[in-house]
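# Chain and residue survey
Take a look at the letters that make up each chain.
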Amino acid sequence: MRRAPNDMPAGYAISNSPERPDRRSFLKTSGALSACALMATGALGSFAYADALTEAQRDRLTPEDILALMKQGNRRFYTGRHQDYNFLAQQRASAKAQYPAAVLLSCIDSRVPAETILDLGIGEIFNSRVAGNIENPDILGSMEFACRLAGAKVVLVMGHTACGAIKGAIDSAELGNLTGLLTKIKPAVVATTYSGERTSKNSAFVDAVAHKNVELTIANIRTGSPVLAELESKGAIRMAGAMYNLETGVVDFFGG
Ligand SMILES: [Zn+2]
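First things first, this report covers the structure right here in the doc. (Residues numbered from 1 in each chain as written. Predicted model: local features only at pLDDT ≥ 70, side-chain atom pairs only at ≥ 80, totals over all residues. Heavy atoms only, no water.)

### A closer look at the coordination of the zinc ion
Coordination of the zinc ion by the protein is provided by Cys107 (SG), His160 (NE2) and Cys163 (SG), with metal-donor distances spanning 2.1 to 2.3 Å. Site description for the zinc ion: donor spacing in sequence, C-x52-H-x2-C. As far as the burial class goes, His160 and Cys163 line up, both buried. (Donors = N, O, S within 2.8 Å, 3.2 Å for Na, K, Ca; no water. Buried < 20%, exposed > 50% of the residue type's maximum accessible area, 1.4 Å probe, protein only.)

Next comes the structure, spelled out in structure tokens:
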């Protein structure tokens, strides 16, 4: 079995690989990646291809590098140039340990699979999903594990357009346990500044509420988790928000 050098992960193959020229991945990518990140990974044309993100590679990346790599992965997705991952190699390489670079919080919507739309491989991100991407104590505990214990450096909350949970909150829908979940989204409905029609029929309003909901969720993560807030204040992690557009496939990261 072909093995990559110890310091090099799998999806992180290099563009000049003589064996698999098409295999580049999340944290080891193309010339579009910042020189800083490339140097951080030591990726500059040195290796063929590896199997999974290593601890050393992950630890050399800054939160900004990781966000940049996720943006690049999304660009590959929406331009139809996604990686040809060797998932079995990644599965085998990550079976004994994992060193994900980020923890995501996104909606359960079947059209928003984070690894696919960000073109990521196995072992590269923690992924928590709940309708309307709201936080709760269990989500916060998961994020604290991801960042404080497992070393992830980015907390990314990702909403999406035309979100059914957002529409349900606007409509004050009621159904079993869903009622309580939607209650957690309602503050975003109230807090959204919008002068037009404030109904679930108005897609612009729905998306504005989804955007506000991401902002409030990030704020709630900071107040609800002193563990994460401290990591962020020390610069060890970065919290970021994003909106995925179902129509275009583009993930819009807040603040660029
Ligand atoms: Zn949704």
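### A word on the side chain of Thr54
Mapped onto the secondary structure, Thr54 falls in the loop between helix H1 (35-41) and helix H2 (55-60). You can call Thr54 buried: its relative accessible area is 15%. Within the structure, Thr54 has its side chain in polar contact with the backbone nitrogen of Gln57 (distance 3.1 Å). (Helix = DSSP H or I, 4+ residues; strand = E, 2+ residues; numbered from the N terminus. Polar contact = N/O pair within 3.5 Å; in protein donor to acceptor, adjacent residues only side chain to side chain.)

### Here's the deal with the side chain of Thr217
With respect to the helices and strands, the residue Thr217 is situated in helix H10 (residues 203-224). Classification of Thr217 as buried rests on a relative accessible area of 2%.

### Describing the environment of Arg238
Mapped onto the elements, Arg238 comes out in strand E4 (residues 238-244). Residues Arg238 and Ala102, spaced 136 residues apart in sequence, show a C-alpha to C-alpha distance of 9.4 Å. Dropping the residues within four chain positions of it, Arg238 is found in contact with Pro63, Glu64, Leu67, Lys153, Val154 and Val155. (Contact = heavy atoms within 4.5 Å.)

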